[in-house]
Structures are given as structure tokens and as C-alpha cells.
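In case you want the letters, here they are:
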Amino acid sequence: MASKRDGLKGKTVTLQMAKNAIKESSGGKKRLVLSNLGIKEFPKCLKKLTSEVEELDISRNYIKKLPDWIQSFKSLCWLDVHTNHIEALPSAIGQLKQLSYLNLSNNNITEKGIPAEISQLKNIRKLNLGLNKISVLPPSLEALTQMTELGLFDNYLKEIPPGMLKMPKVKINLKGNPIPPAEQKEAEVETSTRNKELYLVPREDLCSACLSKSEKNKTKIKNLIGMCIPNSIRRRFN
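Keep in mind it's a predicted model, so treat the numbers as computed, not measured.

## With respect to the overall build of the protein chain
Helix and strand counts for the protein chain come out as 5 helices and 8 strands. Starting at the N terminus, the α and β elements of the protein chain follow one another as α-β-β-β-β-β-β-β-α-β-α-α-α. Considering only contacts within the protein chain whose residues lie at least 6 apart along the sequence, 42% involve residues at least 24 apart. About 13800 Å² of surface is accessible on the protein chain, with carbon and sulfur atoms providing 52% of the total.

Here it is, written out as C-alpha cells:
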């Protein structure tokens, strides 16, 4: 699905060029931006920057594969490779333990190109797989329980695995798939209402701010009970 883009085809990225392209992101991280440079292959010179790059934007190029040594980016927490020609991810992607944001949209990825090791990205919060060629969702995605946003728009999905709908936090974008409208609507309702559920936790697990808010709400409830319920029943709430 990756479209043709303007740029310098086959541009070579040197180590000095890469160093000069490292800037501080809005979140205070070291971000390397090599977007829209007509790059055909993942630059090997980046091997020498794996210890300092925390965010990497190599989107809008002509890259067909990510190297196995991408696992060397031990501090990488943000990776954007959208709008390239990637067909499959290396199993080494699972070694990026700090990764919380991964944008793989507008590539040529199929379900066979998503390795089981993606389930090891336990810190991932936002994953974008939109505008690819995925017809079946691999069960490995269900292991990403910390995920809050999952982009699956404009793929070839015909159904949604029940396990995906049971994931506790995620909001899923399924627009543009050949999923029956009724099933897609059900999924949208399920994912939108799930986050409104009430979860009870032990008092000792609450932070100070939450504990303070809880006590205030408890006082309000007691006051309401005092106004509406007889003394004989009220004592049950004390």
C-alpha cells in the first residue's frame, strides 16, 4: 500500500549526517529524524548510535526490511517507520523492551510478517498497523495488555478475534476493513464502554491523590445516606 513519494532515491546516510539529525523531542528524548530522504536500506551507520538514540523516525522512505540488529537500540521507546515498503518484521523487534510507540502504517505487512515475538513488547501503548495487508490478526497481539491504541484501519480483516475485544485498555480503529457492519459496531461499542468499568483496588495500593479523592467521595456518600436513609439502615454504611 506504500505509495510513491518524492525524494532522493537511494540516498546514503552517513554517520555524521545521522548525528546532526539527532534533536531533542518534545518529551525531552533524543530523537533521530531521517524521514523522507529516499532511503532504500536501513542505514548501517546507525549501529554506532544505538546507545544514544531513544526515538527514531525513519518514515516515508523506500525501506523494505528492518535489520535484526535493531534490537541493539536498548533505549528505544518510540519508533516510526510508516510509509515504507516493509513486508515483514524481524523477530528481533521483540527485544525492544522499552518501546511504547510503534508506527508501522502504510507498508506491505501481512499477518505472516508479524512475528510471535511482538508479544514481548510489554511496554507498548500505541501500535499502528493501519494501511497494510493484514487479513487475520495474530494471537500474539493479545499479549500486549498495556496497549491503549491499536490502529488496524484499511486492512483486509473480515472478523475480530474475541480475545482482542477482551483486552482491558485498548481502543481499536477498524475503519476500512471488510468486517460486517454489525460486528464492527459491536466492537466499537465494546471498546468504548469497557474503559468506563469500575475497578476496585486495595486502599494501600492507592496513591495519595487518589486516596484523598476517595475519602472526599466517601464523605459525600455518607452525607447523602444521612439525608435519605433511616438510622437503622445507615449504620451498615459506617
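There is more to say after this.
## A short note on the side chain of Ser 105
For Ser 105, the location among the structural elements is in the loop between strand S5 (101-103) and strand S6 (126-128). Given a relative accessible area of 8%, Ser 105 falls into the buried group. A polar side-chain atom of Ser 105 sits 2.8 Å from a polar atom in the side chain of Asn 103. When residues no more than four places from it in sequence are discounted, the contact partners of Ser 105 are His 82, Thr 83, Asn 128, Gly 130, Leu 131 and Asn 132.

## A look at the pattern of salt bridges
Within the structure shown, the criterion is met by 2 salt bridges. For Arg 31, the salt bridge goes to Glu 55, with nearest N and O atoms at 2.7 Å. With Arg 31 in strand S2 (residues 30-33) and Glu 55 in strand S3 (residues 55-57), the pair connects residues that are 24 residues apart, well separated along the chain. Given a relative accessible area of 7%, Glu 55 falls into the buried group. Salt-bridge contacts for Lys 126 lead to Glu 149; the nearest nitrogen and oxygen are separated by 3.9 Å. Here Glu 149 lies in strand S7 (residues 149-151) and Lys 126 lies in strand S6, a separation of 23 residues in the sequence.

Rules used throughout
- Residues numbered from 1 in each chain as written.
- Predicted model: local features only at pLDDT ≥ 70, side-chain atom pairs only at ≥ 80, totals over all residues.
- Heavy atoms only, no water.
- Helix = DSSP H or I, 4+ residues; strand = E, 2+ residues; numbered from the N terminus.
- Contact = heavy atoms within 4.5 Å.
- Areas by Shrake-Rupley, 256 points an atom, 1.4 Å probe, with all protein chains shown as cover.
- Buried < 20%, exposed > 50% of the residue type's maximum accessible area, 1.4 Å probe, protein only.
- Polar contact = N/O pair within 3.5 Å; in protein donor to acceptor, adjacent residues only side chain to side chain.
- Salt bridge = Lys/Arg side-chain N within 4 Å of Asp/Glu carboxyl O.

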